[in-house]
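# Secondary and tertiary structure notes
Okay, here's what each chain looks like letter by letter:
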Amino acid sequence: MAVKSILTSQTDFTGEIPVTEKTSALWRFNESTPDSDTRLTDSSGNGRHFTVSGWSGTTASLLNGRFGRYFRININNPTTEKTHLVAANDGTFFSDLGDNIAVGGWVNPTTYSVGQNFIPLFNTRQGPGQPILYISLYQGRPRMMLYNSAGTLILDQTETPGFNMVNGGWYFLSAIINATEKTSQIVLCNRADGVVWTAPLRTFTGTLNPSCIADIVMGMHANQYYYAGGLDEWFFETDSDLTIDDLIHYFRQAMLANGGDTSGNVDALTEPGAVTLRKGIDNLYPEIGQLTTIAAECSLAGSGRVSATSEYTAGVTSISLIETSTSDDLQDWSAWQTVGTNGELSSPNRSYIRYRVTLTTSDTTVTPKLLDITLHDIPKSPYEKLGFARPVVLDGNGAWETVLENAYDIIVTGEINGADTLEFKLPYSDPKRATLDNEKQVQIAEDVYRIRTMTDEKGSDGNSILTTVYAEAAFYDLTFSAEKQPIEFNADLPAAPMAFALAGTGWEVGTVNVITLRTWECQEKNALSILRMVQNIHGGDLVFHSRDRRVDLLTFSGTDSGALFAYRKNLTGIKRVVDTRSLVTRLYAIGKDGMTFSAINGGKEYLEDLTYSSEVRVATLDCSSFTNPYQMLEFTNMRLAEYAKPRVSYVLSAMDLSVLTGYEHERWNLGDIVTVDDRDLNLTIKTRIIRRQYNLQEPWKTVLELSTKLRELGDSSSATIADQFDQSNLIGQEIKDMVPFNHLRNSRADDGFAYWQNSGFVVDTENGVSGTASFKAVGVADMTKSMAQTVYPASRRNYTISAQIGSDNLNKGANGQVGIEVVFEYEDGTTETRFIDLY
């Protein structure tokens, strides 16, 4: 997967003119006022700031506009106000002309400026030395004047555009002057309707002044002629690479973006390189805002996937929607279409793509933050399925480099929630051997692998040399992600720890339909180990999409394929193994700090299942990650269901018929349900493919393992070891270090509901733990029952919340919660809410 384009800079989101290494000066006019020296900043970094002449006592102002602020002058009476801008030339402004000079910017003229004969815009005639160029308006028409070193005009051309400039209109006026070929050309673009007018290419004789040391003056000439109106985003470049087409391209892109529009609900200016909701005068954010970007390169070789990097608060702020539109000419755009669940591009593949991104918040004191938008080009593999496929070597950008037609013994090995590797051989004499190297990527159909080992071995004849390649799926790289710090997950769905694991890796969370809630502390250090832990704790199947860098967690990753394996059809061998070496009928579980679930399990610290064997066979499950007995009981039940019966595995040597014409319906994949029929073994079962050794060159030699993995077929650790969690303590403060003081009043219900706000609870005067009474509630579907008390604790570094609870036939609904909600109110009036899940 290659990155086609990425939008991440301020100008990508605002449409402002970008700074390049050739930019000599760029004046954005985004300040609210000039600085203490009455200067406006040169954003190129070259220090060529404008000084405002006539700021005080005039109509000069910096107003909100489309690209942040813009500079507006001489609105009442230009001849008396006389406001203009001066950039003092230190002698370097035009010292390296190169071939091209590019100059221009946005103008917003008044009636005065489009009606008078001489209206100066960009002027080098005013100041020391001889001029080089002068751009002005003559009765609302652009005029270019060029000078040689003697100050003599070598070009004086007034253009007549195909439309009239009008009072209050916004226009992008720019020009390219080629000092070598002695040409000049102006382009004038109308923001109101997007019309672009390009002047004829003008030629001149003589040499453009190579020694100009004149100042740049905007809006004034000879202390007599003045411009009235607005100016924004003015620039000039020497030795420029820009062309007229580049200037037109910029204008059409700038028309699209709204991140700098100060009247909108999104803001790409306050924090350069990021987009947030725009804070209002009340210091609050709007609940929703919609960003549109400039156009980026598209023209995909394969399929496209869009990803966005953002900062958000789960359940509060979000990048709630990403839409795309495409075009071949930056003028005619396709309809907006939402990207797919996993970022799939739905818009047609054209030359350019733009984005519309919706930012939302449910708390107007906080905002989401968009950092970048990336378009990935996912080239279509030359092989759509495994059968008879060959390895495709990818270059550094993820594009095809070559196909290894002479590779053989190509074996792809995959396991559900396990290994995914590739091995193949290639003659050392093959010319394409030179394209192989450690850490290069190889694509097989839809999967991508990274070469880990290459072995060159000379045969016994002393002549032939063979290269053997071993590669691992690209997701193995997640093992080398930046080290993660310990983090607590409190009654979270698996998507939360998955997002934590993948943050900063370039991978994304895809589809997650596992809905188990778990409370645990993660001590794993890398992304892959965290993902494996999530799958172990929450259940389901991890599915890695290495080609587009996405991870799913599915309750079931396959389908009921309908494929049938039978002798004389596609089954060449079968082995059934029934294994009771790991049989367990009584399973204990030990949680955090020795916690057990005996209080909610009839006083028993274990679960028992004697369905298969009446013999008591004991094992202990290390659940030290768990702090919630209900969740630990659920987890132990899930594990005992696996351990309390024999491990039954079927190993098949089978033919993949789907590679043959007319048998496409017999296709199956790792994780699918298939039917196995063998009359000699009196066996007809529906079972699942959980491991596959696929021979790409000879699909009839494929080996499948069904139902349960056998240790000798690649399970490197026993199931018991796989369940061990090497976790440190969840609570950083030990009991012995606590200062026991209860801030809650009447916590044992001795005085009924005194000090409590009650909704739905009753006092049970017969059953208590540390006293004779307790609080009790009977759950009702779709109803909330609660008790609350406000406390004012003394200032301490740590606080502990504890409660003794009991339950009887506790069953939660789809959105049910049982727990303690704590609302913290801080000295500044802000609040923070945390929920402690108890079931």
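Attention in this report is confined to the structure presented alongside it. For clarity, every value in this text was computed on a predicted model and none was experimentally measured. (Residues numbered from 1 in each chain as written. Predicted model: local features only at pLDDT ≥ 70, side-chain atom pairs only at ≥ 80, totals over all residues. Heavy atoms only, no water.)

Moving on: the side chain of R278. Along the chain, R278 falls in the loop between β22 (275–277) and β23 (288–292). Looking at R278, the relative accessible area reads 16%, which means it is buried. Separated by 3.1 Å, the side chain of R278 and the backbone oxygen of D261 make a polar contact. Of the polar contacts made by the side chain of R278, one reaches the backbone oxygen of G264; its length is 3.1 Å. With near-sequence residues (within four places) excluded, R278 lies in contact with G259, G260, D261, T262, G264, N265, V266, D267, L284, Y285 and P286. (Helix = DSSP H or I, 4+ residues; strand = E, 2+ residues; numbered from the N terminus. Buried < 20%, exposed > 50% of the residue type's maximum accessible area, 1.4 Å probe, protein only. Polar contact = N/O pair within 3.5 Å; in protein donor to acceptor, adjacent residues only side chain to side chain. Contact = heavy atoms within 4.5 Å.)

In this section: a nonpolar patch on the surface. Taken together, L493, I515 and L517 make up a surface patch of nonpolar side chains, about 280 Å² in accessible area. For L517, the position within the fold is in the loop between β38 (508–512) and β39 (518–522). We classify L517 as partly exposed; its relative accessible area is 30%. (Patch = residues over 30% accessible without salt bridge, like charges linked within 9 Å, V, L, I, M, F, W, Y side chains within 5 Å. Areas by Shrake-Rupley, 256 points an atom, 1.4 Å probe, with all protein chains shown as cover. Salt bridge = Lys/Arg side-chain N within 4 Å of Asp/Glu carboxyl O.)

Taking 1.5 Å per residue, twelve residues should reach 16 Å; helix α6 (residues 527–538) reaches 16 Å between its end C-alpha atoms and fits that length. By the criterion of burial, α6 is predominantly enclosed, with eleven of the twelve residues buried. Every buried residue of α6 is listed here: A527, L528, S529, I530, L531, M533, V534, Q535, N536, I537 and H538. Capping of α6 at its N-terminal end is provided by N526; its side-chain oxygen lies 3.1 Å from the backbone amide nitrogen of L528. The positive-phi residue at the C-terminal boundary of α6 is G539, with phi of around 90 degrees. (Expected span 1.5 Å × (residues − 1).)

Below, the discussion takes up the pairing of strand β32 (residues 408–415). Where β32 meets strand β33 (residues 420–427), five bridges bridge the pair, whose relative direction is antiparallel. Among the inter-strand pairings, I411 is bridged to a residue of β33, identified as E423. Hairpin geometry of β32 and β33 is characterised by an intervening segment of four residues between the two adjacent antiparallel strands and by a positive phi of about 55 degrees at N417. (Pairing = 2+ DSSP bridges.)

A separate point is helix α4 (residues 244–254). When we look at burial in α4, the residues that qualify are I244, L247, I248, Y250, F251, Q253 and A254. Of the surrounding secondary structure, the elements contacted by the buried residues of α4 are β8 (100–109), β13 (171–178), β14 (183–190), β15 (196–198), β20 (229–238) and β24 (296–297).

Right, let's talk about the pattern of salt bridges for a bit. Oppositely charged side chains can form a pair if their charged atoms are brought close together. Inspection of the entire model under this criterion finds 31 salt bridges. Its salt-bridge partner being D239, residue K22 comes within 3.8 Å of it at the nearest N-O pair. With K22 in the loop between α1 (10–14) and β2 (23–27) and D239 in the loop between β20 and α4, this pair connects stretches of sequence that are 217 residues apart. Using a relative accessible area of 22% as the deciding quantity, one classes K22 as partly exposed. Salt bridges sharing common partners tie together E439, R450, R452, E472 and D477.

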